[in-house]
Amino acid sequence: MSSNFGKDNDINDEILLEDGPLVDFHGATLQIQQDLFQSRSPSSLGDDSESAAKLAISPDNISDSSNPQPGKPIRQAEEPGKSTVCSGSDTVSPITSIPKKISETLRRSKTSSAEASNNGIICQNPVIAQEDAKDFFSYRDGLVENAVRESISEIVSTDSDGAILGNWLLTEISLWDNEKERLILLTENSLITVKYDFIALKQLEHRKIPLETVDTLVIGDLIYPSGSLVPSRNMKGLRAMWNRGEPLAFSKKWNPFNNEIPWTTFSSHPLFWHKDGGSKPMYDVEDFSRTLVLAVESIQKKENNFAVARCRVEHKPIILQNYIGLSSLIHNRNALGFFKVRGKFSF
C-alpha cells in the first residue's frame, strides 16, 4: 500500500513539473493580523516594540468598536503605557517617503531655477563683505586709475594700437583654471592684458593681441565637463580665440610653463560682487564683452583689410577643462592670483 502511494506521488510530481509552466500564477497578499501583536506581551517585544508599532496593518482587518461585526475582533481602546499598532492610513512607511522627499526637493529646485531664468538672473558669487573688499589693494581709491595711466603711457602706441576704447580690471582664467588679477586695455587695434603689482605700484608683464587675429569670441556661462569634481562657478565669462580652429599641441597643453596659449578667458573681478562694485562697469566682464565685440566688428569693416579673418561671435557655455584640479582649488580658494592683505603679509 505504501509503495503504491509513493508511486502515485512520483506520478503527480511529474505531472506538476510538466504542467507547471502552463498553469497561470495567481498572486497572494501577505497580511499581518492585529491579534498577532496583541498576543505578544510587552516584555516579549523588548526593543522591537517600537519598530513593530510602525508596521502597517490593513484597515480591513481592524473593525470599529462602535460597529462590531460577527467573527471579527473588536479593537480595544488604547491605554497609556502600551505599545499600539497604527493603521496603514496613519503611518507613512520610511521607504515610500524617500521618493516623495526626493521629488519635492527636485520640484523646489526646478521651480527656483525656472524663476531665476524667467527673471534673467544668473547665479553669481555672493556679495563680498566690506572688510573682505578692503583686503584687495585694487579696492583702494586711485590705485586702479593710476595703474591705467601708467600702463597706457608705457605700453600703448597710438600709431600701431590706435585710440583707447576702454579699460577694465577683470579676472583672467588660465589653461590650468588658475584665476589671476589682470588690467585690460582695449584699443582700436589691440587687446592688451597687463599684470600690475598694486603693492609695489609697477607693471610686471603684459601681452598684446592684435584684434585682426581674433577669429572666435565665445560668451556664456563658465562650466566644467560632466565628469569633473570641481564645484560649479555659476558665473559669466568671455573667451577670445585666435587659433584658427586648430587644437592645441600636446607639448603646449601639458606644459605648465607655456605662455603661448592661443586663447584667453575672462570673468568678472571679485569686487564686482561687492555691494558698491556692481555699479562699476570696470569690474564687469559683460560690459567688456560688449565693447570687444563692437571693436572686432569695426576692424573687420575697414576698407582694403582683406587679411582680417571673419570673427565668429558664439553665445554658448565656456568649458574649462579641469577634472580634479586640486592645485587650482587651493589657488583660487585663497585668491593667490590677486594682490591682497594676508594677515601680517601682503602679496
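As the structure is a prediction and not an experimental result, all values here were calculated from the model. (Residues numbered from 1 in each chain as written. Predicted model: local features only at pLDDT ≥ 70, side-chain atom pairs only at ≥ 80, totals over all residues. Heavy atoms only, no water.)

**Q** How should the environment of Arg 333 be read in this particular structure?
**A** Tracing the backbone shows Arg 333 in helix H11 (residues 326-333). Along the backbone, Arg 333 and Glu 179 are 154 residues apart, and their C-alpha atoms lie at a distance of 9.7 Å. (Helix = DSSP H or I, 4+ residues; strand = E, 2+ residues; numbered from the N terminus.)

**Q** What's the story with helix H10 (residues 285-300) in this structure? I'm lost.
**A** Side chains three or four residues apart in an α-helix point the same way, a direct result of the helix having 3.6 residues per turn. Taking 1.5 Å per residue as the helical rise, H10 with its 16 residues ought to reach 22 Å, and the 22 Å between its terminal C-alpha atoms agrees with that figure. Taken as a whole, H10 has its buried residues at Val 285, Asp 287, Phe 288, Ser 289, Leu 292, Val 293, Ala 295, Val 296, Ile 299 and Gln 300. One side-chain oxygen at the N-terminal end of H10 lies 3.1 Å from the backbone nitrogen of Glu 286; it belongs to Asp 284. (Expected span 1.5 Å × (residues − 1). Buried < 20%, exposed > 50% of the residue type's maximum accessible area, 1.4 Å probe, protein only. Polar contact = N/O pair within 3.5 Å; in protein donor to acceptor, adjacent residues only side chain to side chain.)

**Q** Looking at this structure, I do not really get the confidence of the model for the protein chain. What am I missing?
**A** In this model, the protein chain carries a mean pLDDT of 73, and residues with pLDDT of at least 70 account for 59%. Low pLDDT, under 50, characterises residues 14-23; the predicted model gives this stretch zero contacts beyond four residues in sequence or across chains. Confidence drops under a pLDDT of 50 for residues 105-125, and excluding neighbours within four residues, the segment shows 12 contacts in the predicted structure. (pLDDT = per-residue confidence, 0-100. Contact = heavy atoms within 4.5 Å.)

**Q** In this structure, what is going on with helix H7 (residues 143-155)? I would like to understand it.
**A** For H7, spanning 13 residues, the distance from its first C-alpha to its last is 18 Å, which sits close to the expected 18 Å at 1.5 Å a residue. For H7, every residue scored as buried is listed here: Leu 143, Val 144, Ala 147, Val 148, Ser 151 and Ile 155. Along the axis of H7, the buried positions cluster into a sector of 135 degrees, meaning they face one direction only. H7 presents Arg 149 and Ser 153 as exposed residues on the side facing more than 90 degrees away from its buried surface. Each element contacted by the buried residues of H7 is listed here: helix H8 (158-161), strand S1 (164-173), strand S2 (179-187), strand S3 (190-197) and strand S4 (202-210). (Arc of directions from axis to C-beta.)

**Q** Got a minute to help me understand unusual backbone geometry in this structure?
**A** Glycine aside, negative phi is the norm for most residues, and most peptide bonds take the trans geometry. Residues other than glycine seldom take positive phi values, yet Asn 234 does so here, at roughly 60 degrees. When you line up the elements, Asn 234 lands in the loop between strand S5 (216-223) and strand S6 (236-241). Phi at Ala 335 takes a positive value of approximately 50 degrees, unusual for a residue other than glycine. Tracing the backbone shows Ala 335 in the loop between H11 and strand S10 (341-342). Given the relative accessible area of 12%, Ala 335 is considered buried.

**Q** Quick question: what am I supposed to make of the nonpolar core here?
**A** Grouped burial of nonpolar side chains is what soluble globular proteins tend to show. With 37 residues, the main nonpolar core has Val 144, Leu 169, Leu 183, Val 194 and Phe 198 as its most contacted residues. The leading source of residues in this core is H7, at five residues. Among all residues touching Leu 183, those that are not within four sequence positions of it are Val 144, Ala 147, Val 148, Ser 151, Trp 168, Leu 169, Ile 192, Thr 193 and Val 194. By size, the runner-up hydrophobic cluster in this structure holds 21 residues, among which are Leu 170, Ile 209, Leu 292 and Cys 311. (Core = buried A, V, L, I, M, F, W, Y, C linked by side-chain atoms within 4.5 Å.)

**Q** How should the pattern of salt bridges be read in this particular structure?
**A** Close approach of charged atoms allows side chains with opposite charge to pair. Following the criterion strictly, the structure yields nine salt bridges and no others. In this structure, Arg 233 engages Asp 177 in a salt bridge whose closest nitrogen and oxygen atoms are separated by 2.9 Å. Within this pair, whereas Arg 233 is found in the loop between S5 and S6, its partner Asp 177 is found in the loop between S1 and S2, the two being separated by 56 residues in sequence. The exposure class assigned to Asp 177 is buried, which follows from its relative accessible area of 2%. Between Arg 312 and Glu 314 there is a salt bridge, and its shortest N-O distance comes to 3.3 Å. Note on Glu 314: relative accessible area 21%, which makes it partly exposed. Beyond isolated ion pairs, a larger network of salt bridges with shared partners links Glu 172, Arg 182 and Arg 207. (Salt bridge = Lys/Arg side-chain N within 4 Å of Asp/Glu carboxyl O.)

**Q** Explain the side chain of Asp 197 here, please?
**A** Relative to the helices and strands, Asp 197 resides in strand S3. Buried charge without a salt bridge: Asp 197, with Lys 202 as the nearest opposite-charge side chain at an N-O distance of 5.8 Å. One polar contact links the side chain of Asp 197 to the main-chain amide nitrogen of Ile 199, over a distance of 2.9 Å. Setting aside anything within four residues of it in sequence, one finds Asp 197 in contact with Lys 202, Leu 204 and Phe 339. (Lys, Arg positive; Asp, Glu negative; His and termini not counted.)

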